[in-house]
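Listed below are the residues making up each chain.
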Amino acid sequence: MTKEMTTHNRKKGSRINQWRNHPLSALAAALVWAAALLTMAILIFLVGFIVVKGVRNLTPELFAFTYNSDNVSLMPALINTLMITLVALVIAVPLGVFAAIYLVEYAKKESRLVGLVRITAETLQGIPSIIYGLFGMLFFSTAMGWGYSLLSGAMTLVIMILPLIIRTTEEALLGVPDAYREASFGLGAGKLRTIFKVVLPTAIPGILSGVVLATGRIVGETAALLYTAGSVAKIPGSLLGSGRTLAVHMYVLSSEGLYMDQAYATAVVLLIFVLVLNGLSTLCARKLAKNS
């Protein structure tokens, strides 16, 4: 016990002497800790505020399948959110993953095409969502003739999240050691088999992280969907019908100012929805990492 205390005191003393000799390092460490604590405090405050305001307003009427001015049900918006999320991910994830595979595994490293795609993806990530909404309204809703529909909203979201999926998948593929590829080639496997049997399983956790980020952007989007999917509070009969998502539902309730309690309750459901998706993706990533 005495030896452990002595060792601990020596380490503590050496750390203090190091900070005295390098005051800028001590200042940088203090700023890092302060930023981390501030970020955590803000997150705890936001989540706590939403939970305190919203949990007490969760009632069975909010989960009725038909919306009216008496129950202000969020169930249609929840179902519409699931539908738009699934459609957008089913289209965007394969396109993004295959594009990243081409950029990393097939395209020349210094080609102009690779540089152009990367610059385009980074530029598209910085465009405000309302610009996507205007484009979706002009192209999908008007030119394609889909009108205000879940399909128009989902296709607009595909364009929004595609650059994010490409970039995160590309970084995940680049993180796979070249030794894995060389070992697979040495055993006689071809290029395609190496990618799907060695590279992709190793990069699955990073790819799923990008999918989680894309899902969070889909679930929290309002501006683009107001111009494309509309704000009708019902479950449409098909993807060509109009409907609001949870984020749009919360925006409409809060903007009217008459149903603030229900808006807070919707925020709680939206928070739980995102947490469940993140938990499921993390669980899948761990299982796939173990199996690979």
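Attention here is on the structure that accompanies the text. On a predicted model such as this, the values are computed, not experimentally measured, just so you know.

The periodicity of an α-helix, 3.6 residues per turn, causes residues three or four places apart in sequence to face the same way. Between its first and last C-alpha atoms helix α6 (residues 150-174) spans 35 Å; for 25 residues at 1.5 Å apiece the expected length is 36 Å, and the two agree. When the local axis directions of α6 are compared, the greatest deviation, roughly 35°, occurs at I161, which is followed within four positions by the proline P163.

With that out of the way, let us pick up a nonpolar patch on the surface. On the surface, L43, V47, V51, V55, L58 and F63 cluster together to form a nonpolar patch covering roughly 440 Å² of accessible area. Residue placement: L43 occurs in helix α2 (residues 23-55). Given the relative accessible area of 54%, L43 is considered exposed.

What follows covers the pattern of salt bridges. Side chains bearing opposite charge may pair, as long as their charged atoms lie close to each other. Evaluation of the coordinates by the stated rule reveals seven salt bridges. With its nearest N and O atoms 2.8 Å apart, the salt bridge here joins E105 to R181. Here E105, found in helix α3 (residues 75-106), pairs with R181, found in helix α7 (residues 178-186); they are 76 residues apart in sequence, far enough to count as distant. Relative accessible area serves as the criterion here: at 9%, R181 is assigned to the buried category. With a shortest N-O distance of 2.9 Å, R167 and E170 are connected by a salt bridge. Residue R167 and its partner E170 are both found in helix α6; the two are separated by three residues, about one turn of the helix. Its relative accessible area of 17% is what places R167 among the buried residues.

Further remarks concern the environment of L38. When you line up the elements, L38 lands in helix α2. Relative accessible area serves as the criterion here: at 53%, L38 is assigned to the exposed category.

It is worth spelling out the nonpolar core at this point. Core analysis: the biggest nonpolar cluster contains 20 residues, and I84, L157, I161, I218 and L225 have the highest contact counts within it. Those elements that provide at least two residues to this core are α3, α6, α8 (191-219), α9 (223-228) and α10 (246-256). For this core, the element with the highest residue contribution is α6, accounting for seven residues. Those residues in contact with I218 that lie beyond four places of it in its chain are I84, T85, A88, L89, L157 and I161. Listed in part, the twelve residues of the second largest apolar core include V104, I195, L200 and I207.

Our focus in this paragraph is the packing of aromatic side chains. Summed over all chains, the structure comprises six aromatic pairs. Aromatic pair F135 and F140: ring centres 6.1 Å apart, planes at 85°, arrangement edge-to-face. One aromatic cluster in this structure is built from F135, F139, F140 and W146. Geometry around Y106 places K191 over its ring, the cationic atom sitting 5.7 Å from the centre. In this structure, R244 is placed above the aromatic ring of Y67, and the distance from its NZ or CZ to the ring centre is 5.6 Å.

A separate point is the side chain of T228. Residue position: T228 is located in helix α9. For T228, a relative accessible area of 0% gives the class buried. From its side chain, T228 meets the backbone oxygen of A224 in a polar contact 2.8 Å long. When residues no more than four places from it in sequence are discounted, the contact partners of T228 are G133, G136, M137, S141, G147, Y148, S149, S152, G153 and T156.

The next point concerns the packing of α3 against α6. α6 packs onto α3 with a crossing angle of 40° between their chain directions and a minimal axis gap of 6 Å. Handedness of the crossing formed by α3 with α6: right-handed. Looking at the contact of α3 with α6 residue by residue, the classes come out as 26 nonpolar, three polar and one charged.

By the secondary structure assignment, S184 is in helix α7. Accessibility expressed as a relative area gives 8% for S184, which makes it buried. Setting aside residues no more than four positions away along its own chain, S184 makes contact with A189, T194 and V198.

As a packed pair, helix α4 (residues 112-125) and α6 sit with axes 9 Å apart at the nearest point and diverge in direction by 130°. Compared by their axis directions, α4 and α6 come out oblique. Seen along the crossing, α4 lies across α6 with a hand that is left-handed. Two secondary-structure elements touch here, α4 through R118, A121, E122, L124 and Q125 and α6 through P163, L164, R167 and E170.

Parameters at a glance
- Residues numbered from 1 in each chain as written.
- Predicted model: local features only at pLDDT ≥ 70, side-chain atom pairs only at ≥ 80, totals over all residues.
- Heavy atoms only, no water.
- Helix = DSSP H or I, 4+ residues; strand = E, 2+ residues; numbered from the N terminus.
- Expected span 1.5 Å × (residues − 1).
- Bend = angle between axes of the 7 residues up to and from the residue.
- Patch = residues over 30% accessible without salt bridge, like charges linked within 9 Å, V, L, I, M, F, W, Y side chains within 5 Å.
- Areas by Shrake-Rupley, 256 points an atom, 1.4 Å probe, with all protein chains shown as cover.
- Salt bridge = Lys/Arg side-chain N within 4 Å of Asp/Glu carboxyl O.
- Buried < 20%, exposed > 50% of the residue type's maximum accessible area, 1.4 Å probe, protein only.
- Core = buried A, V, L, I, M, F, W, Y, C linked by side-chain atoms within 4.5 Å.
- Contact = heavy atoms within 4.5 Å.
- Phe/Tyr/Trp six-rings, centres within 6.5 Å; stacked < 30°, edge-to-face > 60°.
- Lys NZ or Arg CZ within 6 Å of the ring centre and 35° of its normal.
- Polar contact = N/O pair within 3.5 Å; in protein donor to acceptor, adjacent residues only side chain to side chain.
- Axes fitted to C-alpha atoms, helices over the stretch in contact; angles between N-to-C directions.
- Left-handed = near helix turned anticlockwise from the far one by under 90°.
- Nonpolar A, V, L, I, M, F, W, Y, C, P; charged D, E, K, R; others polar.
- Parallel < 35°, antiparallel > 145°, perpendicular 65-115°, else oblique.

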